[in-house]
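# Observations on chain architecture
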Amino acid sequence: MNWIIDIGTNTLTKVVGIGRAFLMLTGALIAFPQWKNVRLTIKQIYVVGVQSLLIIMVSGLFIGMVMALQGYTILVDYGAEGSLGPMVSLSLLRELGPVVTGLLFAGRAGSALTAEIGLMKATEQLSSLEMMAVDPLRRIVAPRMWAGVIAMPMLALIFSAIGILGGHLVGVEWLGVDSGSYWSIMQATVEWDKDVVNGVIKSIVFAIVVTWIAIFKGYDAIPTSEGISLATTQTVVLSSLAVLGLDFVLTALMFGIN
Amino acid sequence: MNDNLVEIQNITFSRSERLIYDDISISIPKGKITAIMGPSGIGKTTMLRLIGGQLKPDKGDITFAGKSIPAMSRSTLYQTRKSMSMLFQSGALFTDMSVFDNVAFALREHTQLSESVIETLVLLKLEAVGLRGAAQLLPSELSGGMARRAALARAIALDPELIMYDEPFAGQDPISMGVLVKLIRSLSEALSVTSIVVTHDVNEVLDIADYVYILANQKVIGYGTAQQIKQSDSPLVQQFLQGQADGPVPFHYPAPTLQAQLLGEDK
């Protein structure tokens, strides 16, 4: 009979956890419209966004280069190497840009957010904020939440842009695809609302989920070194799975049903 | 008029099915130093968190200046917390800010004072704890005793009515301990602030406390002035004051008998 009790207990714990996560998110989102928080949010955009730029740009460059290399070897057999531009750009804008940025953001910024907030909890900084009549949801959680939501879509766009340039470098400069056809067919094929906007919507959804998981896991961490280590791992694992799972759902909604 | 700033009335509190307090009452008189003592793990810090409204009792009431803390709305509670402050055991200084900014934090958050006034106030608070010279240091550059003094300067930044000290002497060398004892006493006298000192350092606290409560076994086992406590004939109180390993407060955590456990009789 114990296993039935265990299932019940675990389910209740998970449901309570989800409830707490929603309460935290609500508290954080309501807390935004304050001038002091804008300054803190800008600082956090620098921390989670600007400091993630290098890894995003380098990854975008290499992924664009690899895609051009792989795409060229297949397309050239059919004499369709002129379609390299749209292939690279559509893959990046629709899928790889938001998804890989989401995964990198979870690893680079998400884990840092969890560890930072978890350590603040362990060293009683969150408690001391509460006792100084400063709401940690407003002071700590809200700026980080908004910073993630603002920074990640921008990072995804930068990732895609650099990837397209990487594809150009390999496809046009090294493999000899015509530069005019690379850009012009891309321009003719890529649609603003269907491809670019849908990609941005995806990255906004991933940004909300990844930042939310990262902050909540830190806020809810058991305040010991083991607890923070576990919370950081959970952030990366859960965020990555959430990004991949949600990507399928969003792709089905955006492109699957005509 | 009630002379008690904080009244803890018949509270019962348990955590994860473990009973911490069983129907206990404590009064904290205004402008005095009240010590709450007891063995480790008895829930002394929990008491401060209950007073600060970070936890809610299962039963009973806690009032601050006549208003019930557990019944307060979130916004009223945050408003009330501006009149109280807490010195955490770890200091809990914000590690990304200098000592100066840590002390200025509450002033910047809760007042509209100009930066020059804030600077004057912060320097005065730091002077009071002897750390004016360390204003620009980061918390990581402070010794344990200095960190606690910096946290004390931060705790008095808004001139609170109540300061709660959570184990202020834990892990301090004799000089730091002496400094902290002197500071708690002088701050209490100079600012007429009400102080609650939670500790198990008997000798230090008996020197400065006006009133003492001793907690053990989920109850208040002794109460009175420092002198009355020293002369108490309660075996529980004497065990605690004299640091005896076993007695009414048992040495062993509750368990089946060793014989029963080794022979598997408890299964």
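These numbers come from a predicted model, not from an experiment.

About the cut-offs
- Residues numbered from 1 in each chain as written.
- Chains lettered and ligands numbered in written order.
- Predicted model: local features only at pLDDT ≥ 70, side-chain atom pairs only at ≥ 80, totals over all residues.
- Heavy atoms only, no water.
- Helix = DSSP H or I, 4+ residues; strand = E, 2+ residues; numbered from the N terminus.
- Buried < 20%, exposed > 50% of the residue type's maximum accessible area, 1.4 Å probe, protein only.
- Lys, Arg positive; Asp, Glu negative; His and termini not counted.
- Salt bridge = Lys/Arg side-chain N within 4 Å of Asp/Glu carboxyl O.
- Contact = heavy atoms within 4.5 Å.
- Buried area = accessible area lost by both parts, 1.4 Å probe.
- Polar contact = N/O pair within 3.5 Å; in protein donor to acceptor, adjacent residues only side chain to side chain.
- Nonpolar A, V, L, I, M, F, W, Y, C, P; charged D, E, K, R; others polar.
- 1 Å grid on protein atoms, 1.4 Å probe; cavity = no way out; pocket = protein on both sides within 12 Å on 5 of 7 lines; lining within 4 Å.
- Points joined across faces, edges and corners; volume = space filled by probe spheres on them.

Residues and elements named next belong to chain B. For Arg149, the location among the structural elements is in helix 5 (residues 144-155). Asp173 provides the closest opposite charge to the buried, salt-bridge-free Arg149, at an N-O distance of 8.4 Å. For Arg149, the contacting residues outside a window of four places in its chain are Val129, Gly130, Leu131, Val179, Leu180 and Leu183.

Quick look at the interface of chain A and chain B now. Taken residue by residue, the interface counts 17 residues in chain A and 25 residues in chain B. Summing both sides of the interface, chain A and chain B together bury roughly 1800 Å²; the carbon and sulfur share of this comes to 53%. At the junction of chain A and chain B, the tally comes to 4 salt bridges. With a shortest N-O distance of 3.0 Å, Glu109 of chain B and Arg139 of chain A are connected by a salt bridge. The tally of links between chain A and chain B comes to 11 residue pairs in polar contact (both at pLDDT 80 or more). Mapped onto the side of chain A that touches chain B, the elements with two or more residues apiece are helix 2 (35-49), helix 5 (125-131) and helix 6 (136-174) of chain A. No other element matches helix 5 of chain A, which puts 6 residues into the side of chain A that touches chain B. Its residues placed into classes, the side of chain A that touches chain B shows 7 nonpolar, 4 polar and 6 charged.

The next point concerns empty space enclosed by the protein. A complete count under the given rule lists 2 cavities of 30 Å³ or more for this structure. What the largest cavity holds in volume is close to 160 Å³. Lining the largest cavity are 16 residues, and of these Met132 of chain A together with Ser85, Met86, Arg154 and Ala155 of chain B lie nearest its centre. Listed by contribution, the elements that provide at least two residues to the lining of the largest cavity are helix 5 of chain A together with strand 6 (84-87) and helix 5 of chain B. Residues that form the lining of the largest cavity fall into these classes: 10 nonpolar, 3 polar and 3 charged. Leu93, Pro98, Ala156, Leu157, Ser160, Val196, Gly199, Val200 and Ser203 of chain A together form the lining of the second largest cavity. Breaking the lining of the second largest cavity down by element, the ones donating at least two residues are helix 4 (84-122), helix 6 and helix 8 (192-219) of chain A. Each residue belonging to the lining of the second largest cavity can be placed in one class, and the counts come to 6 nonpolar, 3 polar and no charged.

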